[in-house]
Amino acid sequence: MNSNEHCDVIVIGGGTAGVIAATQAGRAGAKVLLVEKTGMLGGTTTTGGVNFPGLFHAWGRQVIAGIGWELVTRCVTETGGTLPDFADYHRPHWQLQIRVNRFVYAALCDEAVVDADLDILFHTMLADIKPQRQGCGWQVTLCTKDGLAEWDATVIIDATGDANAAALAGLPIHIPDENQPATLSCQASGYDPADLDIDSINHAFDTEVKAGRLLYTDASWNTTGPNIGRWLTSRGISANHIHHINARNSEGKSRLELESRKSLLRLYRFLRQQAGLQNLVIEQVSPECGVRETATIRGKRTVTVEDYQSGRIWDDAVCYSFYPIDLHKSSGGGLQMEPLAEGVVPTLPRGALLPAGSSNFLVAGRCIASDRLANSALRVQATCMATGQAAGAMAALSASTGVDPAELPMADVYALLREHGAIVPGDTPVFAKSEPSV
Ligand SMILES: Cc1cc2nc3c(=O)[nH]c(=O)nc-3n(C[C@H](O)[C@H](O)[C@H](O)COP(=O)(O)OP(=O)(O)OC[C@H]3O[C@@H](n4cnc5c(N)ncnc54)[C@H](O)[C@@H]3O)c2cc1C
C-alpha cells in the first residue's frame, strides 16, 4: 500500500458533475484530488457520447450558469459554433440544448482542473472508503496502476453517477427495481439517407426481428415495430435502447458494454446487406454505453415528482433545475414525456446532495436523492453541473471552516457560488409558486 497523502476534498468521478465540483472546490482554495476511472474527463458528455448539455434556460431566462456554462460556451466559441436562440423557447426542449465537440470539451475540462491547481488521477478507481479513526474526515483507498494507495480527505464528493462512493462508505442508497434503458451512440457514414428506400429496409428489418435475429430496439426506442429511418438520419446518435441491465457496478457495466456492442454489430451486419448501405461505415462508437439510471442516494431530503412539477422552492435550495419529466420506459418501450407547466422552474435542496446519516459527504450529478420521475428530469447535464458546483462550494467551505455541509449557513454558500458565476435560487426573478419550507 502506498503511503498516506492528505487533501481537503476528494472528488470521485470526473464526469459531467465531478469536473465542475472539483474545479469549484479548487478555485475556492481547497486542496483537491479528482479521481477518474477512465482516461478522459466529461463522463457521459464525452465518453458516453451525449454531447448536447441542457437546459441552462427556462422560459427564455437563464437559470443555470457558473463553471459548467463557462466550459460549454467556451467550447462553442472555440469550435466556431453558435448558441440556440434561448428567447425563442416555444419549440421542442431539445432544440435549446447546446451541441459541444466531445474532444474539445474534454480538453477544456483538463484545462479547467489543471488551472484550478488540482491533483488528478486518471485510470484510478475507488476501492474503499472509511471514516477516519481520529478526526472527522475520510480514509480513501484507491486502486491505481501501482497498486492500492491511501488518501485522507476532510470531505468527499461522490460524482460517480452511480452512488458508488456512498455505497462503499456504507451510506444508504436506493437501487430501483427497474431502470431506464441505456443507449450506445455511434456515428455512421458511407450513405445518403435521401437515396434509401426506408419502407423496404423497415420491411426487411421486421422480418429479421420476427425471425429472432434482430431487436426493434437495436435501431430505435420502439419495442413494437421497426423505425430505421430515425437511426439512419441521425446516423446512430442516441438511436437505440439496451434494456434490463443495471450498470451501477463492474458486473452490470460489463454486461451492458457487451450487449450494446453486440446489438450494434448485428445491426451493422444487417444494414450492410441493404440496398444503398453496402458502404456503410461505423466511424466512431462512444467508448462507453450511455447510462441513464442506476442508483440514487437516500438523502436527508428527497426530490419527488410533485416537488419538481410544482416548482417547489426549498428553504435550502442550492440551484435551479429545468427539464421535462423524461422517463425512457424499461418495459413496453417509448417515453413518458411531461413538459413543466409554463412558468415553473424547480429548485433542488442541499439535503438531496447529503446522504442520510452522513457528515462531510456530498453527492453531485444524477444520483442525488430523488424519486424515479423527478430523477428522469434532474439527471440532465446542466442540472448535474449546477449540483456539482454547489457540492464543490460546500465542500471547500466545510474543509476551511470545519462546519459540516449540512450546517453551513446558506448565505455563505450562496456568496461563494455567486463569486464563481453561479445563479442561486432567488437571483432570477421567481417564476412560479413558492411555498412554505418544511
Ligand atoms: C443516452 C443518453 C441521452 C441523454 N440525453 C441527454 C440530453 O439530451 N441532455 C442532457 O442534458 N442530458 C442527457 N442525458 C443525461 C445526462 O447525460 C447524464 O445524466 C449526466 O451526464 C450524468 O452526469 P453525472 O456527472 O452524474 O455522471 P457521469 O457524467 O456519467 O460521470 C460519472 C463519472 O464518474 C466516473 N466514475 C464512475 N464510477 C467511478 C469509480 N468507482 N471510481 C472513479 N471514477 C468513477 C465515470 O467514469 C464518469 O467519468 C442523457 C443520458 C444518456 C445516457
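Since this is a predicted model, take the numbers as computed values, not measurements.

Glancing now at the overall build of the protein chain. Scanning the protein chain from terminus to terminus reveals eleven helices and 17 strands. Taking 438 residues into account, the globule formula puts the C-alpha radius of gyration at 22 Å, and the protein chain, at 22 Å, falls close to it.

Let's shift gears to the domain arrangement of the protein chain. In terms of domains, the protein chain is made up of domain 1 (2-177 + 295-419) and domain 2 (186-285). Placing a centre on the C-alpha atoms of domain 1 and another on those of domain 2 gives a separation of 31 Å. Along the lines of polarity and charge, the residues of the side of domain 1 that touches domain 2 split into three nonpolar, five polar and one charged.

Here is a general trend for soluble globular proteins: nonpolar side chains tend to be buried in one another's company. Counting 107 residues, the largest nonpolar core has Val9, Ile10, Val11, Ile64, Ile157, Leu362 and Ala395 as the members making the most contacts within it. With twelve residues, helix α10 (residues 381-401) is the largest single contributor of residues to this core. Once you skip the residues sitting within four places of it in the chain, Ile10 turns out to touch Leu33, Val35, Val140, Trp151, Ala153 and Ile156. Judged by nonpolar contacts, the second largest core, of 21 residues, contains Cys186, Ile201, Phe205 and Ile242.

Right, let's get into unusual backbone geometry. Leu55 follows Gly54 through a cis peptide bond whose omega is -20°. Inspection of the secondary structure puts Leu55 in the loop between β2 (32-35) and β3 (57-58). The backbone of Asp117 shows a phi angle near 65°, a positive value even though the residue is not glycine. Relative to the elements of secondary structure, Asp117 occurs in the loop between α3 (102-115) and β5 (119-121). A positive phi angle, close to 65°, is found at His244, a residue other than glycine. Locating His244 in the fold gives a position in the loop between α6 (228-234) and α7 (250-271).

With that settled, the discussion passes to the site of the ligand. Surveying the vicinity of the ligand reveals 38 residues, the closest of which are Gly13, Gly15, Gly43, Gly290 and Gly365. Those elements that provide at least two residues to the shell around the ligand are α1 (16-27), β6 (125-131) and α10. In terms of residue count, α1 provides more of the shell around the ligand than any other element does, three residues in total. Its residues assigned to classes, the shell around the ligand shows twelve nonpolar, 20 polar and six charged.

Look at α10 against helix α11 (residues 410-419): their axes get within 10 Å of each other, and the N-to-C directions meet at 115°. The handedness of the crossing between α10 and α11 comes out as right-handed. Contact residues: Gln389, Ala390, Ala393, Met394 and Leu397 in α10; Asp412, Val413, Leu416 and Leu417 in α11. Per-class residue counts for the contact of α10 with α11 are seven nonpolar, one polar and one charged.

This part takes up α10. Quick reminder: α-helices carry 3.6 residues per turn. Residues three or four places apart thus point the same way. For α10, with 21 residues, the first-to-last C-alpha span of 30 Å sits near the 30 Å given by 1.5 Å per residue. With respect to burial, α10 is a largely interior element, 19 of its 21 residues being buried. Immediately downstream of α10, the backbone of Gly402 shows phi near 80°, a positive value.

Among the secondary structure elements, Ile237 is positioned in the loop between α6 and α7. Linking Ile237 and Val285, residues 48 residues apart in sequence, is a C-alpha distance of 9.4 Å. Not counting chain neighbours up to four residues away, the residues in contact with Ile237 comprise Ser185 and Gln187.

Moving on to the packing of helix α2 (residues 66-78) against α10. Geometry of a packed helix pair, given as the angle between the helix axes and the separation of the axes. Packing of α2 against α10 leaves a shortest axis separation of 7 Å and a crossing angle of 130°. Classified by the interaxial angle, the pair formed by α2 and α10 is oblique. Touching Gly66, Ile67 and Gly68 of α2 are Ala382, Met385, Ala386 and Gln389, all from α10. Looking at the contact of α2 with α10 residue by residue, the classes come out as four nonpolar, three polar and no charged.

Attention now goes to α11. Every buried residue of α11 is listed here: Val413, Leu416 and Leu417. Down the axis of α11, the buried set is contained in an arc of 100°. They therefore lie on one face. Turned more than 90 degrees away from the buried face of α11, the exposed residues are Ala411 and Glu419. The inward-facing, buried residues of α11 abut β13 (317-320) and α10.

The rules behind each value
Residues numbered from 1 in each chain as written. Predicted model: local features only at pLDDT ≥ 70, side-chain atom pairs only at ≥ 80, totals over all residues. Helix = DSSP H or I, 4+ residues; strand = E, 2+ residues; numbered from the N terminus. Rg over C-alpha atoms; globule rule 2.2 N^0.38 Å. Domains from an automatic or database assignment. Nonpolar A, V, L, I, M, F, W, Y, C, P; charged D, E, K, R; others polar. Core = buried A, V, L, I, M, F, W, Y, C linked by C-beta atoms within 7 Å. Buried ≥ 20, exposed ≤ 12 C-beta atoms within 10 Å, placed from the backbone. Contact = placed C-beta atoms within 7 Å. Near = placed C-beta within 6 Å. Axes fitted to C-alpha atoms, helices over the stretch in contact; angles between N-to-C directions. Left-handed = near helix turned anticlockwise from the far one by under 90°. Expected span 1.5 Å × (residues − 1). Parallel < 35°, antiparallel > 145°, perpendicular 65-115°, else oblique. Arc of directions from axis to C-beta.

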